[in-house]
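# Geometric and topological summary
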Amino acid sequence: MVTSILDTILSNLTTFSNKNAFYINEQFYIYSDLSKKIAGITQELSNLPQQTSVGIITTDSLETYASVIALWFNNLVFIPISPSNAKERNENSIRQAEVEFVLAPSKKDAEIIDTNNIKVIPTGDLFSDLKITNKNTNLNNNLYTLFTSGSTGTPKGVPINLKNLDAFTHSFIAIGYDINETDKFLQIYDLSFDASVHCYVLPLFLGACAYTIPTKEVKYLYAYKLMKAQELTFVKMPPSTITYLQPYFSKINLTHLKYTLFGGEALQSSLVNEWQKCAPNSEIHNVYG
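Below: a short report on this structure. (Residues numbered from 1 in each chain as written. Predicted model: local features only at pLDDT ≥ 70, side-chain atom pairs only at ≥ 80, totals over all residues. Heavy atoms only, no water.)

### Let's talk about helix 9 (residues 269–278)
Given 3.6 residues to a turn, an α-helix orients residues that are three or four positions apart in the same direction. Within helix 9, the full set of buried residues consists of Leu271, Trp275 and Cys278. Buried residues in helix 9, looked at end-on, bunch into an arc of 40 degrees, giving them a common side. The exposed residues of helix 9 that point more than 90 degrees off its buried face are Ser269, Asn273 and Lys277. Along its buried surface, helix 9 packs onto helix 7 (219–229), strand 11 (234–237), helix 8 (239–243), strand 12 (259–263) and strand 13 (283–288). (Buried < 20%, exposed > 50% of the residue type's maximum accessible area, 1.4 Å probe, protein only. Helix = DSSP H or I, 4+ residues; strand = E, 2+ residues; numbered from the N terminus. Arc of directions from axis to C-beta. Contact = heavy atoms within 4.5 Å.)

Okay, here's the thing in structure tokens:
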């Protein structure tokens, strides 16, 4: 029987307790930091019925990622509420998912939504050394709901269950990527976008580290800074990220980069050929778009 991805992540919190899990805003957080955050948030969720949809104000913070995993371990459904989205879109997500509880690093972070009928649970000061368990054992349980762009009407919620994420993750590993707990992964996407899930779940599944982009930074510049200064080995990003870097390609030499995955936009062969010179040891894959 294939081990559930959540069971693997739970095990990794202990196995890799002293290893880096996230690099956020110029600061490393180890797996024990993540574990204590998850445990503290779990205590605030203990009375919620299983499969309740819970909103998360998705800031670039350890609290946000710990909140997602805490919801999953407690068999609750993650609804992303992104500060970068229009208020109307966020309110539509809240209505459709019937959200009554929202997690946020602070109450101020939750001011982007109407909180009159919402209980906001601040997570910034939540820590605990209590043992974490995974209550989510049914593969048919929903993990999160993402919303379509709404380009053809009102955005619609698409539920993703544990079986879906399990199949995706195990299938991706089975392709044969040479990646493990020593690798360094870029997480460039907004958490309301489907590609983001792959970029933080995969490193947690492996016991590796995810490197995120601070909200106020210019994405393509900061992504390059991370790739160079932190010697990232695995990056997944839209082609436009490196298009902005093209004027500087002659000065870029990322020899440590093992894999470059592009998705979300059309990928031109000329851009691939140019990027290959910047990352001579990298395999380049077009994974979507």
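### Focus: the nonpolar core
Soluble globular proteins: nonpolar side chains tend toward being buried together. Phe22, Trp72 and Tyr200 are the most contacted members of the largest nonpolar core, which totals 58 residues. In terms of residues, this core owes the most to one element, helix 3 (residues 62–73), which gives 9 residues. In contact with Tyr200, other than residues within four places in its own chain, are Phe22, Tyr65, Val68, Trp72, Phe78, Gln187 and Leu191. Core analysis: the second largest hydrophobic core is formed by 30 residues, Tyr23, Ile188, Ile242 and Ile284 among them. (Core = buried A, V, L, I, M, F, W, Y, C linked by side-chain atoms within 4.5 Å.)

### Structural notes on the packing of aromatic side chains
All chains considered together, the criterion is met by 16 aromatic pairs. The interplanar angle of 70 degrees and the centroid separation of 5.3 Å between the aromatic rings of Tyr65 and Tyr200 together place this pair among those described as edge-to-face. In this pair, Tyr65 sits in helix 3 while Tyr200 sits in helix 6 (residues 195–206), placing the two residues 135 residues apart along the sequence. Both residues of the pair, Tyr65 and Tyr200, count as buried. Seen in terms of ring centroids, Tyr189 and Phe193 are 5.5 Å apart; in terms of plane orientation they differ by 40 degrees. Their pairing is tilted. Exposure remark for Phe193: the relative accessible area of 36% places this residue in the partly exposed category. Chaining the aromatic ring pairs together yields one cluster made of Phe172, Tyr177, Phe185, Phe234 and Tyr259. (Phe/Tyr/Trp six-rings, centres within 6.5 Å; stacked < 30°, edge-to-face > 60°.)

### Here we look at unusual backbone geometry
At Asn25, a residue that is not glycine, the phi angle is positive and equals roughly 50 degrees. Tracing the chain through its elements places Asn25 in the loop between strand 1 (20–24) and strand 2 (27–30). The backbone of Asn75 shows a phi angle near 60 degrees, a positive value even though the residue is not glycine.

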